[in-house]
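Inside the fold
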Amino acid sequence: MSGVLLWVVSPKENATSLLGLMPRIGNPKRSKFCSRLSFSPGILAYSGAVAHPPRSSEERVYEVVLKQAALVREQRRPKEKALDFGEGVERSDGMTNWDLLNEAYDRCGEVCAEYAKTFYLGTLLMTPERRRAVWAIYVWCRRTDELVDGPNASYITPKALDRWEKRLTDLFEGRPYDMYDAALSDTVTKYPVDIQPFKDMVEGMRLDLRKSRYQNFDELYLYCYYVAGTVGLMSVPVMGISPESKASTETVYNAALALGIANQLTNILRDVGEDARRGRVYLPQDELAQAGLSDDDIFRGKVTDKWQSFMKGQIKRARMFFDEAEKGVGELNSASRWPVWASLLLYRQILDAIEANGYDNFTKRAYVGKAKKLLSLPVAYGRAIIRPSKLTKQLVAR
């Protein structure tokens, strides 16, 4: 189960597959254009008797965070990779290459509007350039997710994902294959966006092909980073950090990462029954055992006292990640805060819905109704207009 988001936007909110967006990764013909989470309750094993203990997933991910933060600080603009569309070069159909690029971004916006409605409305408050870039990132993530969760998922092989990753490298080097790739290829020349989080997301798709159990939270944390936390790292350079922010760049990136982890944990808890019917269990095996539960209990789908107690602990952990994420949303550029706050508040309420369902995530799907969604929007806007330092103090005092 992969959960692609833009900080917290989940594609599974709309189960309709993006048939028209499914990437062709056989042999496509190219177009001429496309502070560390120290609170995590992960299973960390260290021993003084071991000279070089294995790195935890958090340590591995934190290295990526530091790299992304450094890129933003340095504001690198790899001009040599910029797409060459030519100045006003006109095609036989009367359209210039710039017209085609604008059309590519518009198409990305249409996809975002259809599959992430609330978030899309929020992006309209951004500057046109940021808005278009966010759309391009969303569409690439959505298409990547569709490889393993879409209608053709049963035909996807590791080699197909290798080709998709090669295609990613090409678009970062200014050689996109299609219109949607062209939009992202243009975006990465304008913002200090690094390829590593994109590659890591592809790695998450590889995990979905070969792995259906996670022995402990350390393993699950890494998976959540691959399929969801990566998008936060992709989008921070585009959304921008407020000039008024006194937070370090690493702090903002850690918040983006935490929000991705929180979202994916929420996906997992919401979809326990759905995943079980596919033979998948995304809950830490050691924690299930400690609670006196097993895969068989999940496949039976019966809500017991043990299950309710177990779920309370899992929900508590997801909320801890949401709490950590909230500390960084207010540090974003003012025009970028509202869509992120709206999505965060709405998605967090899925955990409330699981509780309201009596922890029955076997037969009942937790969701947020329209009325609650509408009530959340002004709350999100109110938080978005608060200055970073003032909002941080309020959140810490809670």
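Residues numbered from 1 in each chain as written. Predicted model: local features only at pLDDT ≥ 70, side-chain atom pairs only at ≥ 80, totals over all residues. Heavy atoms only, no water.

Let us look at the overall build of the chain. Along its length, the chain carries 16 helices and zero strands. Considering the chain as a whole, with its 398 residues, one finds that 57% of them fall into the buried category. Carbon and sulfur atoms make up 51% of the accessible area of the chain, which totals about 17,300 Å². (Helix = DSSP H or I, 4+ residues; strand = E, 2+ residues; numbered from the N terminus. Buried < 20%, exposed > 50% of the residue type's maximum accessible area, 1.4 Å probe, protein only. Areas by Shrake-Rupley, 256 points an atom, 1.4 Å probe, with all protein chains shown as cover.)

All right, on to a nonpolar patch on the surface then. The grouping of Leu125, Tyr381 and Ile385 at the surface amounts to a nonpolar patch, some 320 Å² of accessible area in total. Along the chain, Leu125 turns up in the loop between helix H3 (117–123) and helix H4 (128–149). (Patch = residues over 30% accessible without salt bridge, like charges linked within 9 Å, V, L, I, M, F, W, Y side chains within 5 Å. Salt bridge = Lys/Arg side-chain N within 4 Å of Asp/Glu carboxyl O.)

In this section: the packing of aromatic side chains. On inspection of all chains with the given rule, the structure shows 13 aromatic pairs. Consider the rings of Trp140 and Phe198, whose centres lie 5.1 Å apart with planes at 70°: the pair is edge-to-face. Residue Trp140 is found in helix H4, and its partner Phe198 is found in helix H7 (residues 196–210); the two are separated by 58 residues along the sequence. As far as the burial class goes, Trp140 and Phe198 line up, both buried. Considering the side-chain rings of Tyr223 and Tyr282, the 5.4 Å spacing of their centres and the 25° angle between planes classify their relative orientation as stacked. Of this pair, Tyr223 sits in helix H8 (residues 217–239) while Tyr282 sits in the loop between helix H10 (272–276) and helix H11 (285–290), and the two are 59 residues apart along the sequence. According to the relative accessible area criterion, Tyr282 is buried, its value standing at 2%. In textbook terms, an aromatic cluster arises when at least three aromatic residues are bridged by ring pairs, as seen for Trp140, Trp164, Phe172 and Phe198. Directly above the aromatic system of Tyr214 lies the positively charged group of Lys211, at a separation of 5.1 Å from the ring centroid. We note Arg317 situated over the ring of Phe217; from NZ or CZ to the ring centre the distance is 3.9 Å. (Phe/Tyr/Trp six-rings, centres within 6.5 Å; stacked < 30°, edge-to-face > 60°. Lys NZ or Arg CZ within 6 Å of the ring centre and 35° of its normal.)

This brings us to the confidence of the model for the chain. Of the residues in the chain, 79% reach a pLDDT of 70 or more, and the chain-wide mean stands at 83. Taken together, the stretch residues 7–20 has pLDDT below 50 and engages in 56 contacts with residues farther than four places along the chain or on a different chain. (pLDDT = per-residue confidence, 0-100. Contact = heavy atoms within 4.5 Å.)

A separate point is H8. At Tyr226, H8 shows its largest kink, close to 50°. For H8, the tally of buried residues reaches 22 of 23 residues, placing the bulk of the element in the interior. Sitting at the amino-terminal end of H8 is Asn216, which places a side-chain oxygen 3.2 Å from the backbone nitrogen of Asp218. Positioned one or two residues after H8, Gly240 has a phi angle of 85°, which is positive. (Bend = angle between axes of the 7 residues up to and from the residue. Polar contact = N/O pair within 3.5 Å; in protein donor to acceptor, adjacent residues only side chain to side chain.)

Going through the model one piece at a time under the given rule, you end up with 30 salt bridges. With its nearest N and O atoms 3.5 Å apart, the salt bridge here joins Arg143 to Asp181. Placement of Arg143 in helix H4 and of Asp181 in helix H6 (residues 179–190) is noted, with a sequence separation of 38 residues between them. Owing to a relative accessible area of 3%, Arg143 belongs among the buried residues under this scheme. Between Glu355 and Arg319 there is a salt bridge, with the nearest N and O atoms lying 2.9 Å from each other. Taken together, the residues span a long stretch of sequence, with Glu355 in helix H14 (residues 334–356) and Arg319 in helix H13 (residues 305–329) at a distance of 36 residues. When salt bridges with common partners are traced through the structure, they connect Asp162, Glu165, Glu203, Arg206 and Arg210 into a single cluster.

This paragraph deals with the nonpolar core. Ranked by internal contacts, the top residues of the largest apolar core, which has 109 residues, are Trp140, Tyr225, Leu283, Ile298 and Trp307. Counting residues per element, this core draws most heavily on H8, at 16 residues. Here Ile298 is in contact with Val272, Ala276, Val281, Leu283, Leu288, Trp307 and Phe362, once residues within four sequence places are set aside. (Core = buried A, V, L, I, M, F, W, Y, C linked by side-chain atoms within 4.5 Å.)

What follows covers the packing of H4 against helix H5 (residues 158–172). Direction vectors running N to C along H4 and H5 enclose 165°, while the axes themselves pass 11 Å from each other. Classed by the angle they form, the pair H4 and H5 counts as roughly antiparallel. When the axes of H4 and H5 are compared, the crossing they make is right-handed. For the pair H4 and H5, the contacting residues are Trp140, Arg143, Thr144 and Leu147 in the first and Leu161, Trp164, Arg167, Leu168 and Leu171 in the second. (Axes fitted to C-alpha atoms, helices over the stretch in contact; angles between N-to-C directions. Parallel < 35°, antiparallel > 145°, perpendicular 65-115°, else oblique. Left-handed = near helix turned anticlockwise from the far one by under 90°.)

Time to look at the packing of H8 against helix H9 (residues 249–270). As a packed pair, H8 and H9 sit with axes 7 Å apart at the nearest point and diverge in direction by 125°. The angle between H8 and H9 falls in the class oblique. Where H8 crosses over H9, the handedness of that crossing is right-handed. For the contact of H8 with H9, a count of residues per class yields 18 nonpolar, four polar and no charged. (Nonpolar A, V, L, I, M, F, W, Y, C, P; charged D, E, K, R; others polar.)

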